Amino acid sequence: MVKISETLKQFKSICKPTARLLASLVLVTLLGITTALPAHADDNTNYSDTLNSLVPTTPIFNSKEVRLGITPTGWSNSDDLSIDLVPPIPYQQILSEMALSGFKGSQGAPKFPKDINELKREFEMRGLTISEPWVGTYFTIGNEKESQKIFKEQMAFMKNFDSNVIVVAELGGAVHQQPIEPLNNRPKFTNKQWKALTDGLNDLGEQAAEAGMVLCYHPHVGTGVQSLEDIDRLMQNTDPKYLKLLLDTGHLYYADVDPLEVTKKYADRINHVHLKNIRQDILDESKQEGRSFLNAIRSGVFTVPGDQEGAINFKPIFQELANANYKGWLIVEAEQDPNKAEPLKYALMARRYLHEVTGL
């Protein structure tokens, strides 16, 4: 009996650490982070401090009606795939780090799976969903057929997810992907082009509404809807029932538009929010040197809310949205070079800040 008892004790001593190891492996596998370490992992970064800081606090938004997301552009850029690590960051790692940071949604990306079932599986496994698609229209250059086609494809795509937002921007004559300075070289629409754009958007918006979705317009640097004057004209000539406004703090600030002013002016039409911060010194350099939009991104013009290097004060913007009973997504979208800004570090930085100022 003594020998049997000793054998059982030895067996238990072996099983306990083995069980803990197996449990850890299962957890890591479920998170999908076995493929790689955090991009540019820094041994001195204490990620647990950020996660542990997310303690309950009184939210200024209804947590059942406002969700937090983050775009993949902090890991790799969708417009310029060269803005990435070498070798490129695998999409599994991007999704896992989004989930690990506490976000619930993301845009699509070129490196994500093309098969819808595989895409849904990868997202659902991590508790994520697609927050929005990107629809580029070409009404101002007479290509209504292509604009309608892209819109219908993306609307059908979003039926696979639990978000009803369709993001749209007019790309006729756009220069944000060209190797030229964007603010002064962007297109300026004629009255005829404006009419084609607003008529086209009203039509898409009505189709979206009939399908239970909401069309949100994204003013964008280097496009024909960039300035406050452009935004005013767009809002005045489109139907509030069919076209809402996407508030992108970074694009507005880049174009010398005050995001707080836009928030106050159009709070009742804002239905989607992109949270970009701006490094003022790099923005000033980019304008002085005439950098292209993509080169400004490479230089580090954008960062996340909560970064002390950022110039935008988000607190009054959030308060204005809360006062207007905002419902929808708050999407962190810091287009950064992962070689210079560690993606996971900045995702956690943004998530911590959002909790501190919104309670979500």
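The model shown is predicted, which means the values in this text are computed figures rather than measured ones.

A. Inspection of the packing of helix α5 (residues 144-158) against helix α7 (residues 191-210) at higher detail. The contact between α5 and α7 brings their axes to 11 Å, and the two run at 20°. In terms of axis orientation, α5 runs roughly parallel to α7. Two packed elements cross with a definite hand, and for α5 against α7 that hand is right-handed. For the pair α5 and α7, the contacting residues are Gln148, Phe151, Lys152 and Met155 in the first and Asp203, Leu204, Gln207 and Ala208 in the second. Class assignment of the residues belonging to the contact of α5 with α7 gives a composition of four nonpolar, two polar and two charged.

B. Spatial organisation of the nonpolar core. In terms of nonpolar packing, the biggest core is built from 88 residues, with Tyr254 and Leu330 touching the most fellow members. Ranked by residues supplied to this core, first place goes to helix α14 (residues 343-358) with six residues. In contact with tyrosine 254, other than residues within four places in its own chain, are Pro182, Leu183, Val221, Ile278, Leu283, Ser286, Lys287, Phe293, Ala296, Val301 and Phe302. If you look at the next biggest cluster of nonpolar residues, it comprises seven residues, including Val165, Val214, Cys216 and Leu246.

C. Local environment of the pattern of salt bridges. By the definition in use, this model includes 20 salt bridges. Of the charged contacts, one joins arginine 186 and aspartate 230 as a salt bridge, the two residues approaching to 2.7 Å between their closest N and O atoms. Of this pair, arginine 186 sits in the loop between α6 (182-185) and α7 while aspartate 230 sits in helix α8 (residues 228-236); the two residues are 44 residues apart in sequence, bridging distant segments of the chain. You can call arginine 186 buried: its relative accessible area is 12%. The exposure class of aspartate 230 is buried, given its relative accessible area of 9%. A salt bridge links lysine 276 to aspartate 248; the nearest nitrogen and oxygen atoms lie 2.9 Å apart. With lysine 276 in the loop between β8 (270-275) and β9 (277-278) and aspartate 248 in strand β7 (residues 244-248), this residue pair connects regions lying 28 residues apart in the sequence. Accessibility classification places lysine 276 together with aspartate 248 in one group, the buried group.

Conventions adopted
- Residues numbered from 1 in each chain as written.
- Predicted model: local features only at pLDDT ≥ 70, side-chain atom pairs only at ≥ 80, totals over all residues.
- Heavy atoms only, no water.
- Axes fitted to C-alpha atoms, helices over the stretch in contact; angles between N-to-C directions.
- Helix = DSSP H or I, 4+ residues; strand = E, 2+ residues; numbered from the N terminus.
- Parallel < 35°, antiparallel > 145°, perpendicular 65-115°, else oblique.
- Left-handed = near helix turned anticlockwise from the far one by under 90°.
- Contact = heavy atoms within 4.5 Å.
- Nonpolar A, V, L, I, M, F, W, Y, C, P; charged D, E, K, R; others polar.
- Core = buried A, V, L, I, M, F, W, Y, C linked by side-chain atoms within 4.5 Å.
- Buried < 20%, exposed > 50% of the residue type's maximum accessible area, 1.4 Å probe, protein only.
- Salt bridge = Lys/Arg side-chain N within 4 Å of Asp/Glu carboxyl O.

From the geometry alone we can't say anything about function, so treat these as descriptive.
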